[in-house]
Every structure is written in structure tokens, then in C-alpha cells.
Amino acid sequence: MIFKGFVPDVVTYNCLINGCCKTNRIGRALELFDDMSKRGCVPNRITYNSFIRYYSAVNEVVRAIVMLRMMQEKGHGVPTSSSYTTIIHTLCEVGRLDVAVGFMVELTEGGSILREYTYRLVCNALESVGKMDLLHEKMCRHVEMAFRIGLHE
């Protein structure tokens, strides 16, 4: 790209990284991510969400969490419901319900509203293993109220 007189910006990198992640070319996506940083182009939430979605889809949830934490630590964006949702879903799928609840709490305490489907998924998973006590009653009331008045994303 550079050799043809075109200097990529964050939008260009995001498109390329997202395309690589969606076609399981994670190695190339990571190369682009490194190149982006070397060229002084700052990644944003969209950049990180591409990696979070990819790692969640291939059940590498620890790597998805690393990307989420990297975004937060470097100040490259504020995670939203979209950032957390795939991680929470994957944690439920692999039976890490305690960690899923922790991310659910972190999301809501950060001021975002949990998606109703995700909330129900976590509740159903907890109920199926008899661990509903992991959810705090206050948070449940808060989330349920948001759903009733239509504040969810």
C-alpha cells in the first residue's frame, strides 16, 4: 500500500484486520496490527473488537480477554457491549460462568447496558448448574429494569 503512494489510516487498517479475522488469517491480521503501531497509527475499539470476535469464535477466550485488557490499558478506546458480549458468550460455552458473571458486572458497572439475549444466556447457564447465587440481586434488578424501559442495546 505504501509503495503505491497510499498511506493507510485507522479505517483502512480496521477493514483489512477485520477481513483477515473473518477469513481466519489471524497471522496476517496481527502483522497488520504491528505495522499499524510502527507507523504511528493508533488502533481503536473497532480494531480490538475484530480480534476479540475472532478469538472468541475460535474459543481462544484468554486471547480475547488479553485484547480487551490491552485496549483498556493503552487507552485505545472504551469497551462497549459489543466488546464484552462475545467474550461472555464464549465463557458460557466453555463453562467459565463465574468469569462470565464478572465480565457482565464489569460491563454494567462501566455504564453500559447488557444485551438482553446475553443476560438471559448467562442466567440460563447459571440456572442449569444451580449457581444463580453468583448473580447479585441488585444487578439483576438493574438489568431487568433497563429491559422493561427499553434501555438495552
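Residues numbered from 1 in each chain as written. Predicted model: local features only at pLDDT ≥ 70, side-chain atom pairs only at ≥ 80, totals over all residues. Heavy atoms only, no water.

K.L.:
Just checking my understanding: could you explain the pattern of salt bridges for this structure?
P.N.:
Enumeration according to the criterion identifies five salt bridges in this entry. Note that Asp35 and Arg39 form a salt bridge whose closest N and O atoms lie 3.1 Å from each other. What makes Asp35 partly exposed here is its relative accessible area of 23%. The shortest N-O distance in the salt bridge between Arg69 and Glu106 comes to 2.6 Å. Here Arg69 is found in helix α4 (residues 61–74), whereas its partner Glu106 is found in helix α6 (residues 97–109), with 37 residues between them in sequence. For Arg69, a relative accessible area of 26% corresponds to the partly exposed category. Classification of Glu106 by relative accessible area gives partly exposed; the value is 23%. (Salt bridge = Lys/Arg side-chain N within 4 Å of Asp/Glu carboxyl O. Buried < 20%, exposed > 50% of the residue type's maximum accessible area, 1.4 Å probe, protein only. Helix = DSSP H or I, 4+ residues; strand = E, 2+ residues; numbered from the N terminus.)

K.L.:
Hey, could you run me through the nonpolar core in this one?
P.N.:
For soluble globular proteins, nonpolar side chains are generally found buried alongside one another. With 41 residues, the main nonpolar core has Ile17, Phe51, Ile87, Ile88 and Phe103 as its most contacted residues. Elements with a minimum of two residues in this core: α1 (10–22), α2 (26–38), α3 (45–57), α4, α5 (81–93), α6 and α7 (116–128). Ranked by residue count, the leading element in this core is α6, at eight residues. Contacts of Ile88, omitting those with residues within four sequence positions, involve Ala100, Phe103, Met104, Leu114, Thr118 and Val122. (Core = buried A, V, L, I, M, F, W, Y, C linked by side-chain atoms within 4.5 Å. Contact = heavy atoms within 4.5 Å.)

K.L.:
I keep staring at the packing of α3 against α5 and nothing clicks. Help me out?
P.N.:
When two helices pack together, their arrangement is captured by the angle between the axes and the distance separating the axes. Interaxial distance between α3 and α5 falls to 9 Å at its minimum, and their mutual angle equals 10°. One element, α3, and the other, α5, form an angle in the roughly parallel class. On α5, the residues that touch Arg45, Asn49, Ile52, Arg53 and Ser56 of α3 are Ser82, Ser83, Thr86, Ile87 and Thr90. Classifying every residue of the contact of α3 with α5 by side-chain character gives two nonpolar, six polar and two charged. (Axes fitted to C-alpha atoms, helices over the stretch in contact; angles between N-to-C directions. Parallel < 35°, antiparallel > 145°, perpendicular 65-115°, else oblique. Nonpolar A, V, L, I, M, F, W, Y, C, P; charged D, E, K, R; others polar.)

Scope: geometric values only; no functional claims are made or implied.
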